[in-house]
Amino acid sequence: MISLNKRQFLDQPVMDFVISSEKVAHVQTGNSAEHALLVLTKTGYSSIPVLDAKYRLHGLLSTKMITEAILGMERIEYERLASIKVDDVMSKEYGVLRTSDTLQRALDLVINHAFLCVVDSEGTFEGILTRRVILKQLKKYIYTRQEQNA
Ligand code: 2BA
């Protein structure tokens, strides 16, 4: 196997490693927290993107954000789930990449985010780049270089 040098590795386009939008579990703006909790529980992901009808990225939603929103003084107020909208509880803090970005920027951001959302120049959601995929590429890079230097 031919190994990449450091520059070639870092210059690889993120789009080569993206999980495309149709495979990414998401919720839509305007959805209820009840629906979102169902999606999060059924898919098993701890955090998923919030998109609008035109597939533009608005935020991220996790089970914790929903639970915190319905936490009363003495009990969890499940009856409020249907009236809360995902827009009210989602986080606007997420790692975002442009489709033109390279692995170098992804590596910087993935330290603080389990996955990075990838958007095009108009803000349309193209998919995600996960920490798992980046670590796999990094491992491949390290081991192929080691073998060639051995
Ligand atoms: P988490 O849901 O906290 O998942 C952490 C890691 O656990 C994942 O790391 C993956 O290795 C494993 N995992 C969790 N749920 C899984 C499932 N249903 N099938 C297979 N493996 C699963 P990463 O793959 O690096 O993903 C990082 C984060 O990216 C996930 O964190 C989740 O928030 C998000 N994510 C990954 N794939 C997604 C998808 N298809 N749709 C929506 N969100 C996704």
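Rules behind the numbers
- Residues numbered from 1 in each chain as written.
- Predicted model: local features only at pLDDT ≥ 70, side-chain atom pairs only at ≥ 80, totals over all residues.
- Heavy atoms only, no water.
- Helix = DSSP H or I, 4+ residues; strand = E, 2+ residues; numbered from the N terminus.
- Buried < 20%, exposed > 50% of the residue type's maximum accessible area, 1.4 Å probe, protein only.
- Contact = heavy atoms within 4.5 Å.
- Areas by Shrake-Rupley, 256 points an atom, 1.4 Å probe, with all protein chains shown as cover.
- Pairing = 2+ DSSP bridges.
- Expected span 1.5 Å × (residues − 1).
- Axes fitted to C-alpha atoms, helices over the stretch in contact; angles between N-to-C directions.
- Salt bridge = Lys/Arg side-chain N within 4 Å of Asp/Glu carboxyl O.

- The chain is annotated in an unreviewed UniProt entry as CBS domain-containing protein of Caryophanon latum.

Considering the overall build of the chain
Phase 1: Looking only at helices and strands, the chain features six helices and seven strands.
Phase 2: Element order for the chain, N to C, with α for helix and β for strand: α-β-β-α-β-β-α-α-β-α-β-β-α.
Phase 3: In the chain, buried positions account for 38% of the 150 residues.
Phase 4: Across the chain, the fraction of contacts at a sequence separation of at least 24, relative to all contacts at a separation of at least 6, is 57%.
Phase 5: Accessible surface computed for the chain: about 9300 Å², of which carbon and sulfur atoms make up 52%.

Some details on the sheet that holds strand S2 (residues 27–28)
Phase 1: Strand order across the open sheet formed by three strands is S2-S3-S4, with mixed pairing between neighbours. Each edge of the open sheet carries a strand with a single partner, namely S2 and strand S4 (57–62).
Phase 2: Strand direction decides the pairing type here: strand S3 (residues 47–51) and S4, joined by five bridges, are antiparallel. Bridging from a neighbouring strand, Ser47 pairs with Ser62 of S4.

Side note on helix H6 (residues 131–149)
Phase 1: Taking 1.5 Å of rise per residue, 19 residues should cover 27 Å, and H6 covers 27 Å from first to last C-alpha, within 8% of that figure.
Phase 2: Structurally, H6 contributes buried residues whose contacts are with helix H1 (6–10), helix H5 (103–110), strand S6 (115–119) and strand S7 (125–130).

Description of the sheet that holds strand S5 (residues 95–98)
Phase 1: Read across the sheet, four strands follow the order S1-S7-S6-S5 without closing on themselves; strand pairing throughout is mixed. Across the chains shown, the open sheet's two edge strands, defined by having one partner strand only, are strand S1 (19–20) and S5.
Phase 2: Where S6 and S7 come together, five bridges link them in antiparallel fashion. Bridged to Val118 within S7 is Gly127.
Phase 3: Strands S5, S6 and S7 of the sheet are contacted by H5, whose axis makes an angle of about 175° with S5.

Remarks on unusual backbone geometry
Phase 1: With a phi angle near 65°, Tyr55 is a residue other than glycine that sits in the positive phi range.
Phase 2: Considering the arrangement of structural elements, one finds Tyr55 in the loop between S3 and S4.
Phase 3: Overall, the relative accessible area of 28% leaves Tyr55 in the partly exposed class.

Concerning the pattern of salt bridges
Phase 1: Under the criterion given, the structure shown has six salt bridges.
Phase 2: Arg75 is the salt-bridge partner of Glu79, the closest N and O atoms lying 3.0 Å from each other.
Phase 3: You can call Glu79 exposed: its relative accessible area is 52%.
Phase 4: Across the pair Arg80 and Glu77 runs a salt bridge, and its minimum N-O distance is 3.3 Å.
Phase 5: You can call Arg80 partly exposed: its relative accessible area is 32%.

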